[in-house]
Amino acid sequence: MRRVAGFAGILLIHGVFGFAAYAAGPKIVAGPNSDPKCFAPWTDSVKLFQFTQKKGPYRIALANGFIANTWRIQMIKTAKAYASQPDVATKLKEFKVVSTGEDVAAQIAAVNNFIDSGYDAIVVNAQNPTAFKPVIKRANDAGVVLVAFDNTLDTEDAINVNVDQKGLGEYWADWLVKNIPNGGKILEVRGVSGTSVDRDRHDGIQGVLKASGKKWDTVEVIGKWDDPTAQKVTADAIAVHKHFDGVTAQGGDTGVVQAIIDAKHPFVPFGGETENGFRKFCAKYSADGLKCASGGTGPAQVAVAIKTAIAALEGNVVPQSIKLPLARVEDPNFKDGQDFYSEQSDNFFVGNAFPTCGINFTAQEIMGQSEANQ
């Protein structure tokens, strides 16, 4: 029955639908992009979003999932460091951080709780790329800006901020193809199962190996982007298979190299991430056969996600899918003080600058923060 009379009827509509008529999701607009250097669209066909402008300061939440590795810990510290910068802090009424572990349902529940609690924007490093469809709709219906980064969402209804994760896997595999002339046995140390990053990087690696025309035998282990875990599974793989002709790892690379050293396995070509400890090893053992290509993006991409959320809340036009640049260096070009830092901890990801976004952090600025929920 459509007929609704008087003030009571208006209350009924608002009570049932939560003011949905006034809290629409983003409009798709023609542009222009408010910051094309920072908010670079993946392709020319990416949609441009414009949310209804809200008056600040804003309540923004970071809904993280998995935390038990160096990258995630540094990411949370970086988020807090960015939120503490004076020009950002003035725009924030509250910045909340929650990590829920590998439980997808728990992460979704956290996002729903932030929506129900009236947060203006939520940035999320998603445990699963496909499970968030209902919560994306809830966010859009409530006028909440949802920005996924790193492990993004398989959707065009929320904002995604990421590097080309498949392209990164292709980059590592291409290094192996160039440096292992006759093909061979490859150890592939994967990340956290079920995430889009692990899936996309793996697909990139395997696609290049298969297309190379060389014969490859790949042994896959799950390192969870974590040094101790990656070190253990690498040691176990070496104990079983005895010899590998090359290695590629999505994270935990310092632990992988340490396992190779401990097992007295010969150094081989390695395509890996951007950990400071890994790059130290690459520089130190280059002459002994550890020929590395190191590529990735530092955890500072969370700062770009927060910057994007604020821009969207201010009514600025942003792409639905934003592509970030990779930080790359290859043997023999690892330089101390530029590509790695001998005086800094191994457990630090290099490449925490996005100059096109005006984002840069010192190690001290990041490491002075806590990874705890707040």
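Residues numbered from 1 in each chain as written. Predicted model: local features only at pLDDT ≥ 70, side-chain atom pairs only at ≥ 80, totals over all residues. Heavy atoms only, no water.

Visitor: I would appreciate a short explanation of the overall build of the chain in the present structure.
Guide: When helices and strands are counted, the chain shows 12 helices and 17 strands. A globule of 374 residues ought to have a C-alpha radius of gyration of about 21 Å, and the chain, at 22 Å, matches this closely. For the C-alpha atoms alone, the extent of the chain along its principal axes is close to 80 × 45 × 35 Å. Per-residue burial for the chain yields a buried fraction of 54% across its 374 residues. When contacts within the chain are restricted to residue pairs at least 6 apart in sequence, those whose partners lie at least 24 apart make up 72%. If you sum the accessible surface of the chain, you get close to 16000 Å²; carbon and sulfur atoms cover 53% of it. Treating the 38 positive side-chain charges of the chain as one cloud and the 40 negative ones as another, the clouds have centres 6 Å apart. (Helix = DSSP H or I, 4+ residues; strand = E, 2+ residues; numbered from the N terminus. Rg over C-alpha atoms; globule rule 2.2 N^0.38 Å. Buried < 20%, exposed > 50% of the residue type's maximum accessible area, 1.4 Å probe, protein only. Contact = heavy atoms within 4.5 Å. Areas by Shrake-Rupley, 256 points an atom, 1.4 Å probe, with all protein chains shown as cover. Lys, Arg positive; Asp, Glu negative; His and termini not counted. Charge placed at Lys NZ, Arg CZ, Asp CG, Glu CD.)

Visitor: Hey, could you run me through unusual backbone geometry in this one?
Guide: Of note, the bond from Gly-31 into Pro-32 is cis; its omega dihedral lies within 30 degrees of zero at 5°. Inspection of the secondary structure assignment puts Pro-32 in the loop between strand S1 (27-29) and strand S2 (48-50). Here the amide bond leading from Asp-331 into Pro-332 is cis, since omega sits at 10°, within 30 degrees of zero. Here Pro-332 is to be found in the loop between strand S15 (327-330) and strand S16 (353-354). With phi around 60°, Asp-150 is a residue other than glycine that occupies positive phi space. Topologically, Asp-150 is positioned in the loop between strand S6 (145-149) and strand S7 (159-162). With phi around 60°, Lys-224 is a residue other than glycine that occupies positive phi space. Assessed through its relative accessible area of 30%, Lys-224 is described here as partly exposed.

Visitor: Would you mind showing me how to read the packing of helix H4 (residues 104-116) against helix H5 (residues 133-141) here?
Guide: When two helices pack together, their arrangement is given by the angle between their axes and by how far apart the axes lie. At their nearest, the axes of H4 and H5 sit 10 Å apart, and the two run at 10° to each other. Taken together, the axes of H4 and H5 lie roughly parallel to each other. Contacts between H4 and H5 involve Ile-108, Val-111, Asn-112, Ile-115 and Asp-116 on the former and, on the latter, Val-135, Arg-138 and Ala-139. Within the contact of H4 with H5, the residues separate by chemical class into 5 nonpolar, 1 polar and 2 charged. (Axes fitted to C-alpha atoms, helices over the stretch in contact; angles between N-to-C directions. Parallel < 35°, antiparallel > 145°, perpendicular 65-115°, else oblique. Nonpolar A, V, L, I, M, F, W, Y, C, P; charged D, E, K, R; others polar.)

Visitor: Before we go on, may I ask you to explain the sheet that holds S2 in this structure?
Guide: Picture the strands of a sheet paired through backbone hydrogen bonds; they go either parallel or antiparallel. Pairing in this open sheet of 3 strands is antiparallel, and the strands run S1-S2-S13 from one edge to the other. Looking at the sheet topology across the chains shown, the edges are occupied by S1 and strand S13 (318-319). Pairing of S2 with S13 involves 2 bridges; the strand directions are antiparallel. Counted as the bridge partner of Phe-49 is Val-318 from S13. (Pairing = 2+ DSSP bridges.)

Visitor: What is the right way to read the packing of aromatic side chains from this model?
Guide: What describes a pair of aromatic rings is the distance from one ring centre to the other and the angle between the planes of the rings. As enumerated under the stated definition, the model contains 6 aromatic pairs in all. Aromatic pair Tyr-82 and Phe-361: ring centres 6.5 Å apart, planes at 70°, arrangement edge-to-face. Taken together, the positions of Tyr-82 in helix H2 (residues 70-84) and Phe-361 in the loop between strand S17 (359-360) and helix H12 (363-367) put the pair 279 residues apart, joining distant regions of the chain. On the basis of relative accessibility, which here comes to 6%, the residue Tyr-82 falls in the buried class. Residues Phe-114 and Tyr-119 carry aromatic rings whose centres are separated by 5.0 Å and whose planes lie at 70° to one another, so their mutual orientation is edge-to-face. A relative accessible area of 4% means that Phe-114 is categorised as buried. Counting every residue linked through ring pairs, the aromatic cluster contains Phe-267, Phe-281 and Tyr-285. (Phe/Tyr/Trp six-rings, centres within 6.5 Å; stacked < 30°, edge-to-face > 60°.)

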